[in-house]
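An overview of the molecular structure
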Amino acid sequence: MITTKTMNVNGNILQGISISSPGGEGHPNMLVIVGTKGYIMCGYLNQEAAKSFGDVACVISGKELEDLLDAPVKAVLPEAEKLGIQIGMTGAQVCEIIA
């Protein structure tokens, strides 16, 4: 099941997308939070593909969209680094940059 959700993160409006168990029961959800400048993606998505397109993106793990806001950034793509996104930042901090 695909769910979209408008998310207000510290006054910034972003779009959350969750695909429940895309690999079947027991698989993690596929999660993305999209802003106007870039996005947060879960580890399920392909970092190399995003990098090849020059996307502003970072990787944060979580089971639900809201988990991404408190969890730390695990990986940062080069274009996201240029905007100041760093490993260890919370998803909420990233949302302020990409909104």
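Residues numbered from 1 in each chain as written. Predicted model: local features only at pLDDT ≥ 70, side-chain atom pairs only at ≥ 80, totals over all residues. Heavy atoms only, no water.

1. What to know about the overall build of the protein chain
When you go through the protein chain residue by residue, the secondary structure sums to four helices and six strands. Each helix (α) and strand (β) of the protein chain, taken in turn from the N terminus, gives the series β-β-β-β-α-β-α-β-α-α. The C-alpha radius of gyration of the protein chain comes to 12 Å, within 12% of the 13 Å expected for a compact globule of 99 residues. With the C-alpha coordinates aligned to their principal axes, the bounding extent of the protein chain is approximately 35 × 30 × 20 Å. For the protein chain, with 99 residues in total, the buried portion stands at 38%. Summed over all atoms, the accessible surface of the protein chain reaches about 5,400 Å², with 53% contributed by carbon and sulfur. Charge centroids of the protein chain, computed over 6 positive and 10 negative side chains, lie 4 Å from each other. (Helix = DSSP H or I, 4+ residues; strand = E, 2+ residues; numbered from the N terminus. Rg over C-alpha atoms; globule rule 2.2 N^0.38 Å. Buried < 20%, exposed > 50% of the residue type's maximum accessible area, 1.4 Å probe, protein only. Areas by Shrake-Rupley, 256 points an atom, 1.4 Å probe, with all protein chains shown as cover. Lys, Arg positive; Asp, Glu negative; His and termini not counted. Charge placed at Lys NZ, Arg CZ, Asp CG, Glu CD.)

2. Things to note about the sheet that holds strand β1 (residues 2–9)
Pairing within the open sheet is mixed, and its six strands lie in the order β1-β2-β3-β4-β5-β6. Whereas interior strands pair on both sides, the edge strands pair on one side only; in this sheet they are β1 and β6 (75–76). Of the strands in this sheet, β1, β2 (12–19), β3 (30–34), β4 (39–41) and β5 (57–59) touch helix α4 (residues 91–98), which is tilted by about 145° from β4. (Pairing = 2+ DSSP bridges. Contact = heavy atoms within 4.5 Å. Axes fitted to C-alpha atoms, helices over the stretch in contact; angles between N-to-C directions.)

3. A closer look at the environment of A50
Relative to the assigned elements, A50 resides in helix α1 (residues 47–52). Residues A50 and L77, spaced 27 residues apart in sequence, show a C-alpha to C-alpha distance of 8.0 Å. Ignoring sequence-local partners within four residues, the contact set of A50 consists of Y39, M41, D55 and L77.

4. Some points on unusual backbone geometry
Of note, N10 is a non-glycine position whose phi angle comes to about 55°, a positive value. Summarising the element assignment, N10 is placed in the loop between β1 and β2.

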